[in-house]
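# Remarks on the overall topology
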Amino acid sequence: RVALRAHVPDPWLAMLRVSAILLSLVAARCTATVPANSTSRKLALIGDWGGQGTPPYYNPPELATAEALARYSRDNPLSAALLLGDNFYPAGISGDAHSLRFEATFEAVFNGSALEDIPFFAVLGNHDYKGNVSAEVAYTALSDRWDMPSTYYSKTLSFKGSDGASFSAHFIAIDTVMLAGMTTGDDPTQQPPGPADAVVASSQWDWIESQLSSSTADFVFVFGHYPVISGCSHGPTLILDALLQPMLEKYGAHYLSGHDHCQEYAEYKGVSYILSGVGHGCCYEWTNEDKNPTGSIKWHHAADTKAESTGDAPDAGFAILDLDTDGFTVSYFNADLDTQYVSRKVAPRAADLVAAK
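Cut-off values and rules
- Residues numbered from 1 in each chain as written.
- Predicted model: local features only at pLDDT ≥ 70, side-chain atom pairs only at ≥ 80, totals over all residues.
- Heavy atoms only, no water.
- Salt bridge = Lys/Arg side-chain N within 4 Å of Asp/Glu carboxyl O.
- Helix = DSSP H or I, 4+ residues; strand = E, 2+ residues; numbered from the N terminus.
- Buried < 20%, exposed > 50% of the residue type's maximum accessible area, 1.4 Å probe, protein only.
- Pairing = 2+ DSSP bridges.
- Axes fitted to C-alpha atoms, helices over the stretch in contact; angles between N-to-C directions.
- Parallel < 35°, antiparallel > 145°, perpendicular 65-115°, else oblique.
- Left-handed = near helix turned anticlockwise from the far one by under 90°.
- Contact = heavy atoms within 4.5 Å.
- Nonpolar A, V, L, I, M, F, W, Y, C, P; charged D, E, K, R; others polar.

One pass over the structure, following the stated rule, counts six salt bridges. For D324, the salt bridge identified is with R41, shortest N-O distance 3.7 Å. On the criterion of sequence distance, the pair formed by D324 in strand 13 (residues 317-324) and R41 in the loop between strand 1 (31-35) and strand 2 (42-46) is long-range, its members being 283 residues apart. Given a relative accessible area of 11%, D324 falls into the buried group. Here K155 and D147 are joined by a salt bridge, their closest N and O atoms 3.2 Å apart. By relative accessible area, which is 9% here, K155 ends up buried. Taking relative accessible area as the criterion, D147 reaches 16% and is therefore assigned buried.

Within strand 11 (residues 271-276), six of the six residues are buried, which leaves the element mostly enclosed by the surrounding structure. Burial along strand 11 is two-sided: the face carrying V271, Y273 and L275 and the face carrying S272, I274 and S276 are both buried. Two strands pair when backbone bridges link them, and strand 9 (residues 254-257) and strand 11 are joined in this way by three bridges, in the parallel orientation. The partner of S257 across the bridge, within strand 11, is L275. Where strand 10 (residues 263-268) meets strand 11, six bridges bridge the pair, whose relative direction is antiparallel. Across the sheet, residue E267 finds its bridge partner in strand 11, namely S272.

With that settled, consider the packing of helix 6 (residues 198-214) against helix 7 (residues 238-251). Look at helix 6 against helix 7: their axes get within 10 Å of each other, and the N-to-C directions meet at 15°. Regarding the angle of helix 6 to helix 7, the classification is roughly parallel. The crossing of helix 6 and helix 7 is right-handed. Touching W205, I208, E209, L212 and S213 of helix 6 are I239, L240, L243, L244, M247, K250 and Y251, all from helix 7. For the contact of helix 6 with helix 7, the per-class residue count stands at nine nonpolar, one polar and two charged.

If you want it as structure tokens, here you go:
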């Protein structure tokens, strides 16, 4: 493993180390197979959605995103939603699992009738790490919908395709702050400086590779907060590019992320990189396309395309991962439910990767 160490203030270092050690101890147990909604093969992807730290604890773009998702899901039932980090702006949860932020920023906002019975699988972002990340894990036991059993974990969902055949998708939730380090300032161009504890990060890397190498699912998706590929202000995350990207390629997996307040779809070496970071609003500047593999980014919505947006709702939105026996597509929506982009259909994993191990 590459030994990388974050240069972060001592209080952050201590908090990150203690939280990472305690929560990573249970991560290996947090692998579950969950039957999916048999009427749906769609999952919502929502990043950087976390409201605000003062009453009413949500902002207009977040509310518009949630209302648009509720309208969409009435006609297009969902199996689950993936929350891609920065769940509570500006500084995470200041109390424990009983904090009013869970109700005011999440439960009371994503409250459409069609959203009441689906799980919301969540990962942590850098803003969450400014607060009590243990509270976000512990809230899993108090909510019927919020699901974050550890800072990293995995879930396997089973589906029935449009042709009647059964297939599965393995979702591997990772803690990218633990892996890449904590961004401490408000500078959107700041690169994560490396993990606060290289030993703890290495343990998670081993777990990720174990999950990938042992998976027999037809589709495998890793999801975390920091992106691997991004042309927006944050740009690509160098540590993830160096260590995660080769694993994704080797095991036929794809990656879902947020962090940059943009929407992007990219493909590189057979891997799809799906960025959906506008749950709280759009857009960051499009300044880092040249830091990514040439031609990898197929579509984006950022500050340079903001003038093209139409409709009356705030510039915010979500993406939909639509699975079927023969492949998946990704559709991006704004808060007016205008379809902004639909990816090509990406085939399932190669047969030799799906075969029982």
